[in-house]
Amino acid sequence: MTAVTDLPTPALLLDLDRLEANLDRMAARCKRLGVALRPHIKTHKSPQVAQMQAARGAHGITVATLYEAQRFAEAGFDDITWAFPIPLTRIRDAIELSREITLRLLVDSAEAIDALEQASEPLRQPLKTLLKIDCGYHRAGVEPESTEALRLATRIAHSAKLDFDGILTHSGQAYDAVGGEELARVAEHERRVMVAFADRLREEDIEVPTISVGSTPAMSAVETLNGVTEARPGNYAFFDGMQVEIESCRVSDCALTVLSSVVSSSPEHSILDAGALALSKDAGQPGVSRPSFGSGFLDHGAGTLDPSLDVFALSQEHGWITGSHPVGSRVRLLPRHSCLTAAQFDEYIVVRGDEVVDRWPILRGRD
Ligand SMILES: Cc1ncc(COP(=O)(O)O)c(C=O)c1O
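Residues numbered from 1 in each chain as written. Predicted model: local features only at pLDDT ≥ 70, side-chain atom pairs only at ≥ 80, totals over all residues. Heavy atoms only, no water.

### Brief notes about the packing of aromatic side chains
Logical step 1: Applying the stated rule across the entire model yields 2 aromatic pairs.
Logical step 2: An angle of 50 degrees between the planes, with centres 5.7 Å apart, marks the rings of Phe72 and Phe77 as tilted. The burial state of Phe72 is the same as that of Phe77; both residues are buried.
Logical step 3: Here the aromatic rings of Phe238 and Tyr348 are separated by 5.6 Å at their centres, their planes lie at 75 degrees, and the arrangement is edge-to-face. (Phe/Tyr/Trp six-rings, centres within 6.5 Å; stacked < 30°, edge-to-face > 60°. Buried < 20%, exposed > 50% of the residue type's maximum accessible area, 1.4 Å probe, protein only.)

### A look at the site of the ligand
Logical step 1: Around the ligand, the structure places 14 residues, and the nearest of them are Arg139, Tyr175, Thr216, Arg232 and Gly234.
Logical step 2: In the model, an oxygen atom of the ligand is placed 2.5 Å from a nitrogen or oxygen of the Thr216 side chain.
Logical step 3: Between the ligand and Asn235 there is a distance of 3.2 Å, counted from an oxygen atom to a backbone nitrogen or oxygen.
Logical step 4: Coverage of the ligand by the protein amounts to 92% of the 390 Å² it exposes when considered alone.
Logical step 5: Of the residues that constitute the shell around the ligand, the class distribution is 4 nonpolar, 7 polar and 3 charged. (Near = heavy atom within 4 Å. Polar contact = N/O pair within 3.5 Å; in protein donor to acceptor, adjacent residues only side chain to side chain. Areas by Shrake-Rupley, 256 points an atom, 1.4 Å probe, with all protein chains shown as cover. Nonpolar A, V, L, I, M, F, W, Y, C, P; charged D, E, K, R; others polar.)

### A look at the side chain of Arg104
Logical step 1: Assignment of secondary structure puts Arg104 in strand 5 (residues 102-107).
Logical step 2: At a separation of 3.0 Å, a polar atom in the side chain of Arg104 contacts the side chain of Asp165.
Logical step 3: In contact with Arg104, not counting residues within four places along its chain, are Arg38, Asp79, Ile80, Thr81, Trp82, Lys128, Leu130 and Asp165. (Helix = DSSP H or I, 4+ residues; strand = E, 2+ residues; numbered from the N terminus. Contact = heavy atoms within 4.5 Å.)

### Some remarks on the sheet that holds strand 9 (residues 230-231)
Logical step 1: If you walk across this open sheet you meet the 8 strands as 2-9-8-7-6-5-4-3, and the pairing is parallel. Of all strands in the sheet, those with a lone pairing partner are strand 2 (36-37) and strand 3 (61-63), marking the two edges.
Logical step 2: Here 3 bridges tie strand 7 (residues 162-168) to strand 8 (residues 210-213), and the two strands are oriented parallel to one another. Across the sheet, residue Leu168 finds its bridge partner in strand 8, namely Ser212. (Pairing = 2+ DSSP bridges.)

### Let's talk about the nonpolar core
Logical step 1: Core analysis: the biggest nonpolar cluster contains 106 residues, and Leu19, Ile80, Leu131, Ile167 and Tyr348 have the highest contact counts within it.
Logical step 2: The element that contributes the greatest number of residues to this core is helix 7 (residues 180-203), accounting for 10 residues.
Logical step 3: The residues that make up this core include at least three from each of domain 1 (4-12 + 243-361) and domain 2 (34-234).
Logical step 4: Ignoring anything within four residues of it in the chain, the contact list for Ile167 reads Leu130, Leu131, Ile133, Met194, Phe197, Ala198, Leu201, Val208, Thr210, Ile211 and Ser212.
Logical step 5: Residues Ala11, Ile349, Val351 and Val356 belong to the second largest nonpolar core, which totals 8 residues. (Core = buried A, V, L, I, M, F, W, Y, C linked by side-chain atoms within 4.5 Å. Domains from an automatic or database assignment.)

### As for the pattern of salt bridges
Logical step 1: Following the criterion strictly, the structure yields 27 salt bridges and no others.
Logical step 2: Asp163 is paired through a salt bridge with Lys128; the nearest N and O atoms lie 3.1 Å apart. In this pair, Asp163 is assigned in strand 7 and Lys128 in strand 6 (residues 127-132), connecting sequence segments 35 residues apart.
Logical step 3: Residue Asp163 is classed as partly exposed on the basis of its relative accessible area, which comes to 30%.
Logical step 4: Glu181 is the salt-bridge partner of Arg185, the closest N and O atoms lying 3.8 Å from each other. (Salt bridge = Lys/Arg side-chain N within 4 Å of Asp/Glu carboxyl O.)

### Some remarks on the pairing of strand 10 (residues 256-265)
Logical step 1: The element strand 10 is largely enclosed, with a buried count of 7 among its 10 residues.
Logical step 2: Alignment of strand 10 against strand 15 (residues 330-335), held across 4 bridges, turns out to be antiparallel. If you follow Val258 over to strand 15, its bridge partner there is Leu333.
Logical step 3: Summarising the sheet, strand 10 and strand 11 (residues 269-272) pair through 3 bridges and their orientation is antiparallel. Considered in strand 11, the bridge of Ser264 is made with Ile271.
Logical step 4: If you look at the hairpin formed by strand 10 and strand 11, you'll find 3 residues sitting between the two strands.

### Observations regarding the packing of helix 5 (residues 110-118) against helix 6 (residues 147-157)
Logical step 1: One way to put it is that helix 5 packs onto helix 6 with a least axis distance of 10 Å and a crossing angle of 10 degrees. With respect to their mutual orientation, helix 5 and helix 6 come out roughly parallel. Touching Ala110, Ile113, Asp114 and Glu117 of helix 5 are Leu152, Arg155 and Ile156, all from helix 6. (Axes fitted to C-alpha atoms, helices over the stretch in contact; angles between N-to-C directions. Parallel < 35°, antiparallel > 145°, perpendicular 65-115°, else oblique.)

So, in structure tokens, the structure goes:
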């Protein structure tokens with residue numbers, strides 16, 4: 001039996017008790033809200049975690065890349081939404097995968113619809129295609145009140161090669177809100193935008209099978225999802241320092257930590273063996289909080305942070321932490337953004353309390 005204290009550093013620790021509690025809570029929440037849960041697996045990139053989500057009733061999964069879709073299809077997941085505006089360079093591969101599993105594609109442009117319709121690869125059946133809607137994040141998606149939105153949905157619905165699967169949005173702007181009330185307001189705006197646009201489509205006799213929403217902060221505060229069919233949170237499996245700051249979770253909910261050790265010390269600061277290639281360079285949400293790359297725990301079991309342990313700078317493999325600490329001492333860190341932190345490592349060291357119980361690979365490759 002290996003104890004956490006015996007591990008070489010840096011190590012990515014996944015607390016199984018907290019992970020299970022997070023998965024249970026979101027599964028119950030979606031059930032209560034009357035929506036299917038289609039978790040975004042880009043957070044964990046782990047078939048083991050996705051199987052735990054499926055065992056709790058998840059309906060399919062969401063991915064960000066074709067690589068994730070391919071690897072998770074190989075791992076047995078046969079209903080996958082690729083929630084990313086399809087790169088035209090990947091259409092051929094996407095069609096190939098769609099012959100083996102149910103693959104739902106996303107578009108927000110006439111160019112992408114043209115390219116899908118013009119693809120010469122043989123189809124097993126029309127390609128399930130969702131239209132991306134901008135509900136206020138302004139990253140991608142069509143403006144739901146525009147004539148363009150209606151035009152694109154109509155084109156997909158009337159295409160012989162495409163099967164209109166519905167509409168999808170992501171409330172990333174929830175990361176700029178703080179506290180339950182503000183987060184719930186973002187979630188309600190997202191719901192309203194989507195239900196109103198779906199009603200507009202139905203007036204045009206277009207069926208809308210899927211109305212898909214979701215981000216972790218919105219889903220942790222949302223009060224009703226009437227009219228919505230599915231939610232796609234991802235980060236909720238692990239949570240992180242950013243979610244704590246915007247009050248979408250407590251420190252004691254955070255399942256992912258980085259175990260590091262002090263390799264050099266000065267009277268002003270200490271250097272950890274956890275740099276940008278362990279923690280990522282995501283310093284948090286500008287304007288919401290002071291930039292920081294990670295916080296040290298005072299007591300991980302109790303879920304308390306030590307305010308005097310702040311990772312304030314990073315280079316590739318070095319992390320600068322406040323305070324003078326003896327070389328060799330260990331610091332367990334709460335990362336700022338768990339999705340990007342997980343993507344820096346090859347495996348999770350799975351722990352229950354202080355005991356290592358398993359190791360799970362992270363499918364973080366790109367092709
Ligand atoms: C399209 C899409 N859907 C769902 C999610 C999940 O959001 P979160 O990680 O906040 O749960 C993301 C995250 O970036 C996303 O880009």
